[in-house]
There are 2 protein chains.
Amino acid sequence: MLYGALEAGGTKCLCAVGDAPQHLQDITAIPTTSPARTLAAISEYFARYPIDGIGVASFGPVDLDPHSSDYGMITRSPKQEWQGANFRQYLQGKLGVPVAIDTDVTAALLAEQSLGAALGTTRCVYLTIGTGIGGSFWTGEGVYHGLWHPEIGHIRIPRVDDDHFIGCCPFHGDCLEGLASGEAIRQRWNQNPDTLPLTHRAWSMEAEYLALGLVALFYILVPQRIVLGGGVMQQSQLFPMIRANVSTLLNGYLKPFAESKVLDDVIVPPHFRNTAGLVGAMQLAISLTKGRRTDSP
Amino acid sequence: MLYGALEAGGTKCLCAVGDAPQHLQDITAIPTTSPARTLAAISEYFARYPIDGIGVASFGPVDLDPHSSDYGMITRSPKQEWQGANFRQYLQGKLGVPVAIDTDVTAALLAEQSLGAALGTTRCVYLTIGTGIGGSFWTGEGVYHGLWHPEIGHIRIPRVDDDHFIGCCPFHGDCLEGLASGEAIRQRWNQNPDTLPLTHRAWSMEAEYLALGLVALFYILVPQRIVLGGGVMQQSQLFPMIRANVSTLLNGYLKPFAESKVLDDVIVPPHFRNTAGLVGAMQLAISLTKGRRTDSP
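Residues numbered from 1 in each chain as written. Chains lettered and ligands numbered in written order. Predicted model: local features only at pLDDT ≥ 70, side-chain atom pairs only at ≥ 80, totals over all residues. Heavy atoms only, no water.

### Here's the deal with the overall build of chain A
Here is step 1: The helix and strand tally for chain A stands at 8 helices and 9 strands.
Here is step 2: The C-alpha radius of gyration of chain A comes to 19 Å, within 12% of the 19 Å expected for a compact globule of 297 residues.
Here is step 3: Dimensions of chain A, computed from C-alpha atoms along their principal axes, come out at roughly 55 × 40 × 35 Å.
Here is step 4: Put simply, chain A has 297 residues, and 61% of those count as buried. (Helix = DSSP H or I, 4+ residues; strand = E, 2+ residues; numbered from the N terminus. Rg over C-alpha atoms; globule rule 2.2 N^0.38 Å. Buried < 20%, exposed > 50% of the residue type's maximum accessible area, 1.4 Å probe, protein only.)

### Structural notes on the packing of helix H1 (residues 35-47) of chain B against helix H2 (residues 87-95) of chain B
Residues and elements named next belong to chain B.
Here is step 1: Between H1 and H2, whose axes approach to 10 Å, the crossing angle comes to 45°. Judged by the angle between their axes, H1 and H2 are oblique. By crossing handedness, the relation of H1 to H2 is classed as right-handed. Note on element contacts: H2 touches H1 through Phe87, Tyr90, Leu91, Lys94 and Leu95, opposite Leu39, Ala40, Ile42, Ser43, Phe46 and Ala47.
Here is step 2: For the contact of H1 with H2, the class distribution of residues is 9 nonpolar, 1 polar and 1 charged. (Axes fitted to C-alpha atoms, helices over the stretch in contact; angles between N-to-C directions. Parallel < 35°, antiparallel > 145°, perpendicular 65-115°, else oblique. Left-handed = near helix turned anticlockwise from the far one by under 90°. Contact = heavy atoms within 4.5 Å. Nonpolar A, V, L, I, M, F, W, Y, C, P; charged D, E, K, R; others polar.)

### Quick look at helix H7 (residues 238-250) of chain B
All names here are of chain B.
Here is step 1: An ideal rise of 1.5 Å per residue puts 18 Å on 13 residues; H7 measures up with 18 Å between its terminal C-alpha atoms.
Here is step 2: Regarding H7, the residues found buried are Leu238, Phe239, Ile242, Arg243, Val246, Ser247, Leu249 and Leu250. Looking down the long axis of H7, one finds its buried residues gathered within 165° of arc, a one-sided arrangement.
Here is step 3: Just downstream of H7 lies Asn251, where phi reads positive at about 55°. (Expected span 1.5 Å × (residues − 1). Arc of directions from axis to C-beta.)

### Comments concerning the packing of aromatic side chains
Here is step 1: As enumerated under the stated definition, the model contains 18 aromatic pairs over all chains in all.
Here is step 2: Between Tyr45 of chain A and Phe46 of chain A the ring centres are 5.0 Å apart and the planes differ by 85°, which places this aromatic pair in the edge-to-face class. Like Phe46 of chain A, Tyr45 of chain A is buried.
Here is step 3: Considering the side-chain rings of Phe137 of chain B and Tyr144 of chain B, the 4.8 Å spacing of their centres and the 15° angle between planes classify their relative orientation as stacked. Judged on exposure class, the residue Phe137 of chain B and its partner Tyr144 of chain B are both buried.
Here is step 4: Members of the aromatic cluster, joined through ring pairs, are Tyr45, Phe46 and Tyr49 of chain A. (Phe/Tyr/Trp six-rings, centres within 6.5 Å; stacked < 30°, edge-to-face > 60°.)

### Section: the pairing of strand S3 (residues 25-31) of chain B
Residue and element names in this part refer to chain B.
Here is step 1: With 5 bridges joining them, strand S2 (residues 12-18) and S3 adopt antiparallel strand pairing. By the bridge assignment for S3, Cys15 is matched with Thr28.
Here is step 2: Counting the residues between successive antiparallel strands, the hairpin from S2 to S3 contains 6 residues. (Pairing = 2+ DSSP bridges.)

### Let's talk about the domain arrangement of chain A
Residue and element names in this part refer to chain A.
Here is step 1: If you check the domain split of chain A, you get domain 1 (3-103 + 274-289) and domain 2 (117-270).
Here is step 2: Measuring from the centre of the C-alpha atoms in domain 1 to the corresponding centre in domain 2 gives 28 Å.
Here is step 3: A buried area of about 480 Å², summed over both sides, lies between domain 1 and domain 2, and 65% of it is on carbon and sulfur atoms.
Here is step 4: Counting every contact that joins domain 1 to domain 2 gives 0 salt bridges.
Here is step 5: Joining domain 1 to domain 2, the criterion identifies 2 residue pairs in polar contact (both at pLDDT 80 or more).
Here is step 6: A per-class count over the side of domain 1 that touches domain 2 returns 3 nonpolar, 2 polar and 3 charged. (Domains from an automatic or database assignment. Buried area = accessible area lost by both parts, 1.4 Å probe. Salt bridge = Lys/Arg side-chain N within 4 Å of Asp/Glu carboxyl O. Polar contact = N/O pair within 3.5 Å; in protein donor to acceptor, adjacent residues only side chain to side chain.)

### Concerning the sheet that holds strand S8 (residues 225-229) of chain B
Residues and elements named next belong to chain B.
Here is step 1: Taking strand neighbours across the sheet as the criterion, the 4 strands line up as S7-S6-S8-S9 in an open arrangement whose pairing is mixed. In this open sheet, the two strands that pair with only one neighbour each are strand S7 (133-138) and strand S9 (267-268).
Here is step 2: On top of the sheet, helix H3 (residues 104-115) reaches strand S6 (124-129), S7 and S8; it is set at about 45° to S7, its chief contact.

### Some points on unusual backbone geometry
All names here are of chain A.
Here is step 1: Phi is positive for Asn190, which is not a glycine, with a value near 50°.
Here is step 2: With respect to the helices and strands, the residue Asn190 is situated in the loop between helix H5 (182-189) and helix H6 (201-221).
Here is step 3: By relative accessible area, which is 69% here, Asn190 ends up exposed.

### With respect to the interface of chain B and chain A
Here is step 1: Facing the 40 residues of chain B at the interface are 40 residues of chain A.
Here is step 2: The three residues of chain B that bury the most area against chain A are Arg156, Ile220 and Tyr253 of chain B, which together make up 21% of that side's buried surface.
Here is step 3: Linking chain B with chain A are 2 salt bridges.
Here is step 4: Between Lys255 of chain A and Asp63 of chain B there is a salt bridge, and its shortest N-O distance comes to 3.7 Å.
Here is step 5: Taken together, the connections running from chain B to chain A amount to 20 residue pairs in polar contact (both at pLDDT 80 or more).
Here is step 6: Elements with a contribution of two residues or more to the side of chain B that touches chain A: helix H6 (201-221) and H7 of chain B.
Here is step 7: The dominant element in the side of chain B that touches chain A, judged by the number of residues it contributes, is H6 of chain B, at 7 residues.
Here is step 8: Broken down by class, the residue content of the side of chain B that touches chain A amounts to 25 nonpolar, 8 polar and 7 charged.

Next comes the structure, spelled out in structure tokens:
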């Protein structure tokens, strides 16, 4: 069997083929320009291979309800042109193979849970802290889907005393994403986050906000592992600070995390750096062709 | 088949028998005094019936890990004497029938999900707002269990501007439970909550805090229904206020709840008033004897 994997991002779409998630071949980047041009280029790429199915890890929000007439459609996007575009429908129509779709965050969760930093756990979360904050989690039987995909990034958290930034979320102002996303850091300090020194207050504040957000995940999901990915988390000095803050906030209340050292193995960086989306997309394709997903048309 | 149901509370233990959760017979209250005396009385009650199994809905925290040597044990309790007590072990030893145990909150969730206010939903939450705040949720396949039972009540939320109460949680001060439990209301206003007039600021503030807590559940679980029970929620004026605040806080971001009217069917009071624990306990017993739970010894 040969599978196709597509990670559709805001600036580029990564394509690959392979017979297993670990075997990504011919990784190719196609610029995300207009839907017409980009979709055609992607379709041409996959048409060169005798593939049995495709998995798509898509930027979003995407309609993921298999019963919806808009299944697979990008429902709202800062990229106006892409609103209403549908990778799944297009590729299925053009190539005549089943196409599975989920969010880029869920694809990263699949990759980390089955082959990466959350391997061996059945209660785990993947949270990306980049331009925005998004997450997805695994509940034992598989990826959790509510009535809509979880939008973990928009929970409300208390503000840190010395922070007077109003928050950058266009919907909620100072929700977690509004206070702790990469965009929030950029706006608050009026500087590219990458240029802030390691000891800048920006990072200790970031660790405080992320810990307040993680506490909600700890109390609601009591997970074995939380993988923190995304551009902001490449600032690896954040990890020990976040763990220390979480430990202080939990204050011994949850027995499994009562010893703070445990958190070293709970709050961890991703295993995959740039290929999590593609690895997860291929797993979506494999699940669909093996009938483990029921969202096939 | 005849089943036993036990709802173990801090002041009394309710016992019942029956052949189905809807058929609770001989409901009997036994005072919760010393473990020795109370456990003996409960055992005597059940010994009068030819029961095939017992379900226990217990106050907690309880060790719910079937692989733990402390399985079923009350691990920490304000009632010092009860620390280390184990309903499950005791009744199984005395009566020689399988005994299933879960928290009182999870039992209430089971009752509401299968026969009550969350009937027909597969993604639902039961949250009790009483002396403390606790919750449990259903993920499609069944009750969610993390590494430990969820302690939803202890998430962090922003404070309301005109509230200067420090919070009453002995572990976290002003977590959700510390700000919005019945005990918090009593301490903040120095008054029994039941004596506060319907239009008192206590209630609008309570609705604001509960909405901030619910928003975390909305963004993480995107549930079809959230059942709000417990003593505080008998103040039914809270429901419309909570729904309005949740709608404002979500601000249309989650598509399924974009129309605020939808929330009338999502945030609801319980169907069961006083028997949810017993109904759920009997469901635990039935699941165990039918082999749908694997925690039998």
